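# Observations on chain architecture
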Amino acid sequence: MERYRVKPKSSIDPSQWDPNDRSAFDGGKKKGRKALLALNERLEMLQELLYAENRHKVLVVLQAMDTGGKDGTIRHVFEGVNPQGVRVANFKVPTPKELAHDYLWRVHQQTPAQGEIVIFNRSHYEDVLVVRVHELVTAERWGRRYDHINQFERMLVDEGTTILKFFLHIDLDEQKERLQARLDEPHKRWKFNRGDLKERQLWPAYMEAYEDVLSKTSTAYAPWYIVPANRKWYRNLVVATVLVETLEGLGMSYPESEENLDDVEIE
Ligand code: ADP
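Anyway, here's the lowdown on the structure attached to this text. Not measured: the values here are computed from a predicted model.

## Quick look at the overall build of the chain
Along its length, the chain carries 11 helices and five strands. In terms of C-alpha radius of gyration, the chain reaches 20 Å, essentially the compact-globule figure of 18 Å for 267 residues. By its C-alpha atoms, the chain is 70 × 45 × 35 Å across when sized along the principal axes. The buried share of the chain, taken over its 267 residues, is 47%. For the chain, long-range pairs separated by at least 24 residues make up 81% of all intrachain contacts whose partners lie at least 6 apart in sequence. By element, 48% of the accessible surface of the chain is carried by carbon and sulfur atoms, the whole surface being about 14,800 Å².

## A few points about the side chain of Glu53
Residue placement: Glu53 occurs in helix α1 (residues 29-53). Filtering out sequence-adjacent residues up to four positions away, Glu53 remains in contact with Gly251, Met252, Ser253 and Pro255.

## Some words on the sheet that holds strand β1 (residues 57-64)
Pairing in this open sheet of five strands is parallel, and the strands run β2-β3-β1-β4-β5 from one edge to the other. Single-partner strands in this sheet number two, and they are β2 (86-90) and β5 (224-228). Within this sheet the neighbouring strands show an average axis-to-axis angle of 20°, counted without direction. Helix α10 (residues 203-216) rests against β1, β4 (161-169) and β5 of the sheet, and its axis sits at about 130° to β5.

## Some details on helix α2 (residues 70-77)
Looking at α2, one finds that the buried residues are Lys70, Gly72, Thr73, Ile74 and Val77. Contacts from the buried residues of α2 go to α1, β1, β2, β3 (117-121), β4 and α11 (232-248).

## Quick notes on the site of the ligand
Looking at the ligand, there are 13 residues lining it, with Lys70, Lys92, Val93, Arg122 and Asp127 nearest. Between the ligand and the protein, one listed contact pairs a nitrogen atom with a side-chain N or O atom of Arg106 at 3.1 Å. At 3.1 Å, a side-chain N or O of Asp127 approaches a nitrogen atom of the ligand. Contact with the protein chains covers 74% of the free accessible surface of the ligand, which is 570 Å². Considering only residue class, the shell around the ligand consists of six nonpolar, no polar and seven charged.

## Observations regarding the packing of helix α8 (residues 172-184) against helix α9 (residues 194-201)
Between α8 and α9, whose axes approach to 12 Å, the crossing angle comes to 170°. The orientation of α8 with respect to α9, classified from their angle, is roughly antiparallel. Listed contacts from α9 to Leu172, Gln175, Lys176, Leu179 and Arg182 of α8 are Asp196, Leu197 and Arg200. Among the residues forming the contact of α8 with α9, the class breakdown is three nonpolar, one polar and four charged.

## A few points about a positive patch on the surface
On the surface, a cluster of positive charge is made up of Lys29, Arg33, Arg75 and Lys232. The exposure class assigned to Lys29 is partly exposed, which follows from its relative accessible area of 47%.

## Quick word on the pairing of β5
β5 sits mainly inside the fold: five of its five residues count as buried. Burial of β5 is two-sided: the residues Trp224, Ile226 and Pro228 facing one way and the residues Tyr225 and Val227 facing the other way are all buried. Of the pairings in the sheet, the one linking β4 to β5 comprises five bridges and is parallel in character. Looking at β5, one finds that His169 is bridged to Pro228.

## Side note on the packing of aromatic side chains
Counted according to the given criterion, the structure contains eight aromatic pairs. Ring geometry for Phe167 against Tyr210: centres 4.2 Å apart, planes inclined by 25°, an arrangement best described as stacked. Taken together, the positions of Phe167 in strand β4 and Tyr210 in helix α10 put the pair 43 residues apart, joining distant regions of the chain. One exposure class covers both Phe167 and Tyr210, and it is buried. Aromatic pair Trp233 and Tyr234: ring centres 5.7 Å apart, planes at 90°, arrangement edge-to-face. Taken individually, Trp233 and Tyr234 each receive the classification buried, so the pair is uniform in this respect. Joined through ring pairs, the aromatic side chains of Tyr4, Phe25, Trp233 and Tyr234 make up one cluster. The ring of Tyr103 is capped by Arg145, whose NZ or CZ atom sits 4.1 Å from the centre of that ring. The ring of Tyr146 has Lys216 lying over it, and the distance from NZ or CZ to the ring centre is 4.8 Å.

What counts and what doesn't
Residues numbered from 1 in each chain as written. Predicted model: local features only at pLDDT ≥ 70, side-chain atom pairs only at ≥ 80, totals over all residues. Heavy atoms only, no water. Helix = DSSP H or I, 4+ residues; strand = E, 2+ residues; numbered from the N terminus. Rg over C-alpha atoms; globule rule 2.2 N^0.38 Å. Buried < 20%, exposed > 50% of the residue type's maximum accessible area, 1.4 Å probe, protein only. Contact = heavy atoms within 4.5 Å. Areas by Shrake-Rupley, 256 points an atom, 1.4 Å probe, with all protein chains shown as cover. Pairing = 2+ DSSP bridges. Axes fitted to C-alpha atoms, helices over the stretch in contact; angles between N-to-C directions. Near = heavy atom within 4 Å. Polar contact = N/O pair within 3.5 Å; in protein donor to acceptor, adjacent residues only side chain to side chain. Nonpolar A, V, L, I, M, F, W, Y, C, P; charged D, E, K, R; others polar. Parallel < 35°, antiparallel > 145°, perpendicular 65-115°, else oblique. Patch = residues over 30% accessible without salt bridge, like charges linked within 9 Å, V, L, I, M, F, W, Y side chains within 5 Å. Salt bridge = Lys/Arg side-chain N within 4 Å of Asp/Glu carboxyl O. Lys, Arg positive; Asp, Glu negative; His and termini not counted. Charge placed at Lys NZ, Arg CZ, Asp CG, Glu CD. Phe/Tyr/Trp six-rings, centres within 6.5 Å; stacked < 30°, edge-to-face > 60°. Lys NZ or Arg CZ within 6 Å of the ring centre and 35° of its normal.

Below, the structure written as structure tokens:
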């Protein structure tokens, strides 16, 4: 999965990354789906261990353009995982109360506690993406945020959080197809939002904003992965693999049980 990890301080142009790539997996959709099931099972066990050990905190950040597949990734990668130990935090347009605070205020409240995996469906990165593209604050203000964000994530990591950040990378053609599918398929219509068409017009500006995000905020301690996401099965496989490999690398173990349990008799 190394090939998708953004090296710190590299200069990234998303258009140079192929959203159709599937070079890390030997096989097609059918085999890929099967491989995902095996990863789901490993993830389920790792999450149970994380919960039992109650030591590590895990933060998964998902960012993508509209229709990029954040919801589908959550559904498929975390299938079978015990809901007790996983939480999804959605970051929408900030409320007046949230706007009255600094932009990290609402984010910090949602970060994982010990033993917990939290998935950020959108995140503090919106504050240098949509906020930048729509000029919701001055360039001077959003320009300072990359440093804040790196410092904030550094602090979380120093205090025991493992952070993984995924940019689900689709292209304009794929987005067109997915938006069209939302119009054509009755059960997907509720997802169609005229506003998404306006955002689509701003694609180049968003890509520029992503360029800075990926170039400035991928660190050794909180790396970005650029996930080829035109093919959903491959996207799921990449995210699940990175997650499972990272959790396996934490060296977790079950807590010691009480002594002499072999002698216990339950009447
Ligand atoms: P999603 O597209 O994630 O499924 P919504 O359709 O409700 O969910 O979209 C959430 C919206 O909130 C997005 O348009 C996103 O750009 C916006 N948003 C998120 N964070 C911020 C922010 N900090 N400032 C302004 N808008 C934001």
